[in-house]
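Residue-level structure breakdown
Chain by chain, the residues:
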Amino acid sequence: MKESCPSVHSHASEAPADLDDPADSSPGLNQLLVHLPEELILFLLSYLEKRDCLACACVSRALNRIAIPHLLNRCGVKKPTSYCKLILDPSYKTNIDPLLALQHSIFIKEIKDLSFYFTRFTPYGKLSPPLLRCLRLLRTLTHVEEVTLFFSSKGDSKLFKDEKHIKEMVPIYEDLLNEIVLKSSKKIRVFGSDGLFGNFYDFRKELPSGKSAGGHIRSPTRLLAGFKDYMDRRQHKKTDDPVILDDFRYSRSTLTGSRIFLQCSPEALKQTQLTHLNIGTADFLRPPFSQWFFPMLQASNIQSLSFAFSHLPEDTEEVEFILQRLATVIPSLNRLYLFDIKPEVLSILIKWINMFAHLQTLQIEPFIDVSDEIFAELLETSTSNLTPSTDTNNNTQSTPDTTKPSAPAPFSFAPHLRRIDAPHQFLTYFASFSSSSSPPSPPPENDSAQVSNKPKGQFPSLDMVHLDYYCIKSVKFDLHVLANALRRIRPVLLPSPASGGGTSSKSSGSSASIVVHLKFDAEFLGLVAAGRRVPVGSSASMKNADQLGDACAASHSTTALDSTPDGTNPTLGSDPTAATAEDPTAPDAPSFEGDISSDIFELSKIEKLRLGLPGKRDDILQGKFDDKILILLSLFKGLRNVRLASTESAATKVKEELSPLHSRVFKEGRPGLRKVEVV
């Protein structure tokens with residue numbers, strides 16, 4: 001059975017045609033294998049080489065139904081109809097890859113999540129054969145809900161002079177992308193591909209006169225380049241398509257190169273069902289892909305966008321141009337997820353987020369590689385670039401009137417935002433800038449004048465805030481940093497009617513809840529030091545903590561309405577126990593320093609805590625991190641729900657509560673804590 005099977009290579013690109021005809025199959029082999037129990041057939045197939053299993057799959061429909069899933073399982077694809085990850089192999093004829101096995105299946109016609117990995121194909125000049133194999137597979141399927149294209153990050157800078165390469169590859173990519181849309185795909189993900197076609201086009205910088213500068217072309221040939229650009233513009237002179245007009249900001253890197261673009265097929269534009277886009281590369285937003293992607297996004301109902309900033313061009317002007325084009329074609333976006341953010345794009349990032357007038361969910365991956373001090377300085381540079389957000393029917397930004405005296409325009413960040421999940425640095429900045437630059441609105445005509453003196457929430461629709469504080473990569477846990485972030489966020493949340501416009505915590509009457517997400521690595525830097533500052537473990541200390549909470553609550557309630565004109569509470573930055581220090585009837589002052597007591601009081605308002613712990617899920621269940629968890633629980637006095645998550649185990653939605661005996665360790669002395677889950 002280990003001898004070479006000639007039928008394997010003959011069926012490498014399409015399913016065997018003789019499987020539908022029982023007369024063509026071998027009767028002797030059917031009697032030996034097909035009539036055996038399926039368990040015995042799988043046992044026999046486990047002793048065969050991959051190429052021999054593929055040959056068995058070509059014998060009959062019954063063996064095809066058994067052998068193909070077995071072969072895919074050996075290639076790492078456990079459930080091909082739900083999640084099919086195909087890592088393409090350049091030598092697939094000798095080393096069977098999962099794509100070749102899937103091409104021979106006559107039963108698998110619908111796949112929920114299909115991923116193509118081209119990471120073994122470098123340089124990009126070798127991508128033509130695997131792309132054609134993927135195209136042939138898609139044409140045999142009837143439905144694919146999600147498709148991922150994952151390229152290698154190692155490109156080839158020498159390909160930008162190869163005109164033959166771009167003319168060969170553009171039709172292949174065009175057919176592949178159109179076929180993905182025709183399979184009723186709802187999600188497209190693209191990663192990697194640095195330099196896929198990026199060196200074939202140059203971005204023209206905008207001159208002060210309004211004209212575009214040429215690319216990286218030497219001055220002796222600038223005249224010829226200008227004549228070539230004139231001929232290109234003359235060809236599209238009568239067009240009013242903004243995508244084509246925007247693409248004139250790009251010119252070919254060589255004078256002899258022609259302007260080649262991918263085009264959407266009319267059938268794909270008509271049948272598109274795309275709702276989600278995940279972009280981890282800039283090449284698919286530049287020519288020659290731009291005339292496929294932007295019209296397709298404009299014709300689709302894109303509701304969710306995931307965007308990576310790590311693979312954007314180095315030119316800041318081009319980055320801003322790409323982001324503005326992207327925001328224009330997806331005006332109805334309501335969910336935005338940002339990751340791999342670079343420090344140099346922070347000023348553009350804040351401005352870009354505010355272009356989505358209907359944004360409801362904003363999720364920003366925690367920023368790890370920059371300290372809090374440097375991060376604050378970088379964010380401050382974006383203040384001058386922010387523009388007022390408008391919510392109009394045409395989803396356009398208002399143009400400032402230059403004839404009137406310059407005045408600070410009111411800034412309303414994401415007026416329809418309902419949920420935000422971001423690092424504490426971002427949340428602190430959003431809250432502080434929003435509350436400081438947006439003046440109080442005048443009261444309605446039918447309301448009394450005293451209503452305008454109450455603080456007004458800058459996020460009127462917000463109902464959940466996820467605050468991420470990642471203490472990894474030498475970042476130390478700082479109790480004051482976390483408490484100060486919460487202290488900045490609360491004033492801009494919308495108070496509930498029952499609170500009368502007072503505080504902004506859910507426990508204090510706010511309509512929005514705050515969930516704190518802490519993540520630690522194996523070092524747990526700063527956690528033990530923070531725990532030592534708060535005495536725990538004795539009944540006396542627990543009594544002092546309760547007294548502190550009562551005193552803080554009393555002080556906070558008496559000063560809630562005494563707010564400054566800008567809507568902030570002056571007592572939030574001071575010691576909340578100061579108001580009761582001279583009261584002879586007040587309880588004995590607890591043995592805490594003033595700033596620590598204020599920080600503990602802020603953390604006591606948090607009801608939900610999510611902890612990302614190093615190690616595996618079994619380590620959490622076995623109590624390996626119980627001492628670290630107890631330190632954190634001593635800081636958060638008002639917790640009602642704690643979720644423990646492993647950072648090393650695969651992500652799963654399955655929740656498991658701790659055993660009653662294990663939960664008792666955390667719930668002892670904490671009557672408000674109801675649930676401790678592990679995910």
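Up top you'll find the structure we're talking about.
Residues numbered from 1 in each chain as written. Predicted model: local features only at pLDDT ≥ 70, side-chain atom pairs only at ≥ 80, totals over all residues. Heavy atoms only, no water.

1. Considering the overall build of the chain
Helices and strands together make up the secondary structure of the chain, namely 23 helices and 17 strands. The contacts of the chain with a sequence gap of at least 6 include a subset with a gap of at least 24, amounting to 81%. Accessible surface for the chain amounts to roughly 32900 Å². Of this, 53% is attributable to carbon and sulfur atoms. (Helix = DSSP H or I, 4+ residues; strand = E, 2+ residues; numbered from the N terminus. Contact = heavy atoms within 4.5 Å. Areas by Shrake-Rupley, 256 points an atom, 1.4 Å probe, with all protein chains shown as cover.)

2. As for a nonpolar patch on the surface
Residues Leu36, Leu40, Phe43, Leu44 and Tyr47 make up a contiguous nonpolar surface patch of roughly 510 Å² in combined accessible area. Structurally, the position occupied by leucine 44 is in helix H3 (residues 38–45). (Patch = residues over 30% accessible without salt bridge, like charges linked within 9 Å, V, L, I, M, F, W, Y side chains within 5 Å. Salt bridge = Lys/Arg side-chain N within 4 Å of Asp/Glu carboxyl O.)

3. Looking at the packing of aromatic side chains
Counted under the stated rule, the structure contains 27 aromatic pairs. Ring geometry for phenylalanine 284 versus phenylalanine 289: centroids 4.1 Å apart, planes at 25°, classification stacked. The pair formed by phenylalanine 284 and phenylalanine 289 is uniform in burial state, with each residue classed as buried. Here the aromatic cluster, defined as three or more aromatic residues joined through ring pairs, consists of Phe116, Phe118, Phe151, Tyr173, Phe197, Phe200, Phe284, Phe289, Trp292 and Phe293. The ring centre of tyrosine 117 lies 4.7 Å from the NZ or CZ of lysine 85, which sits over that ring. (Phe/Tyr/Trp six-rings, centres within 6.5 Å; stacked < 30°, edge-to-face > 60°. Buried < 20%, exposed > 50% of the residue type's maximum accessible area, 1.4 Å probe, protein only. Lys NZ or Arg CZ within 6 Å of the ring centre and 35° of its normal.)

4. A word on the nonpolar core
Core analysis: the biggest nonpolar cluster contains 157 residues, and Phe116, Trp352, Phe477 and Leu518 have the highest contact counts within it. Here this core gets 9 residues from one element, more than from any other, and that element is helix H8 (residues 163–182). Setting aside anything within four residues of it in sequence, one finds tryptophan 352 in contact with Leu305, Phe307, Phe309, Leu323, Leu326, Ala327, Leu336 and Leu338. (Core = buried A, V, L, I, M, F, W, Y, C linked by side-chain atoms within 4.5 Å.)

5. Concerning the pairing of strand S11 (residues 419–423)
On any regular strand, side chains alternate: one points to one face of the sheet, the next to the other face. In terms of burial, S11 is largely enclosed, as 4 of its 5 residues are buried. Bridge count between strand S10 (residues 361–364) and S11: 3 bridges; the pairing is parallel. Its bridge partner being in S11, leucine 362 is matched across the sheet by isoleucine 420. Two elements, S11 and strand S12 (residues 464–471), share 5 bridges in a ladder whose sense is parallel. If you follow alanine 422 over to S12, its bridge partner there is leucine 467. (Pairing = 2+ DSSP bridges.)

6. Some points on the packing of helix H13 (residues 316–329) against helix H14 (residues 346–353)
Geometrically, a packed helix pair is captured by the angle between its two axes and the distance between the axes. Orientation of H13 relative to H14, taken along the N-to-C sense of each, is 15°, at an axis distance of 11 Å. Between H13 and H14, the angle is such that the two are roughly parallel. Classified by chirality, the crossing of H14 by H13 is right-handed. Note on element contacts: H14 touches H13 through Ile348, Lys351 and Trp352, opposite Thr316, Val319, Glu320, Leu323, Leu326 and Ala327. Partitioned by chemical class, the residues of the contact of H13 with H14 number 6 nonpolar, 1 polar and 2 charged. (Axes fitted to C-alpha atoms, helices over the stretch in contact; angles between N-to-C directions. Parallel < 35°, antiparallel > 145°, perpendicular 65-115°, else oblique. Left-handed = near helix turned anticlockwise from the far one by under 90°. Nonpolar A, V, L, I, M, F, W, Y, C, P; charged D, E, K, R; others polar.)

7. Digging into the side chain of aspartate 113
Mapped onto the secondary structure, aspartate 113 falls in strand S2 (residues 110–118). Leave out the neighbours within four places in its chain, and aspartate 113 touches Ser82, Tyr83, Cys84, Glu146, Thr148 and Arg189.

8. Observations regarding the state of the cysteines
Taken as a whole, this structure holds 0 disulfides when the rule is applied. Free cysteine: cysteine 56, not disulfide-bonded; nearest cysteine sulfur from cysteine 53 at 6.3 Å. (Disulfide = S-S within 2.5 Å.)

9. Section: the environment of asparagine 354
Relative to the elements of secondary structure, asparagine 354 occurs in the loop between H14 and S10. Taking relative accessible area as the criterion, asparagine 354 reaches 2% and is therefore assigned buried. Along the backbone, asparagine 354 and proline 415 are 61 residues apart, and their C-alpha atoms lie at a distance of 9.2 Å.

10. Section: the pairing of strand S8 (residues 304–308)
The buried fraction of S8 amounts to 5 of the 5 residues, a majority that puts the element mostly inside the structure. The alternating pattern of S8 places Ser304, Ser306 and Ala308 and Leu305 and Phe307 on opposite faces, both of which are buried. Bridge analysis of strand S7 (residues 276–280) against S8 gives 4 bridges, and the strand direction is parallel. Each residue of the ladder has a partner; that of histidine 276, found in S8, is serine 304. Read from S7 through helix H12 (residues 290–299) to S8, the crossover connection turns out right-handed. In this sheet, strand S9 (residues 335–339) lies alongside S8 in parallel orientation, the contact comprising 5 bridges. (Right-handed = clockwise from strand over helix to strand, strands pointing away.)

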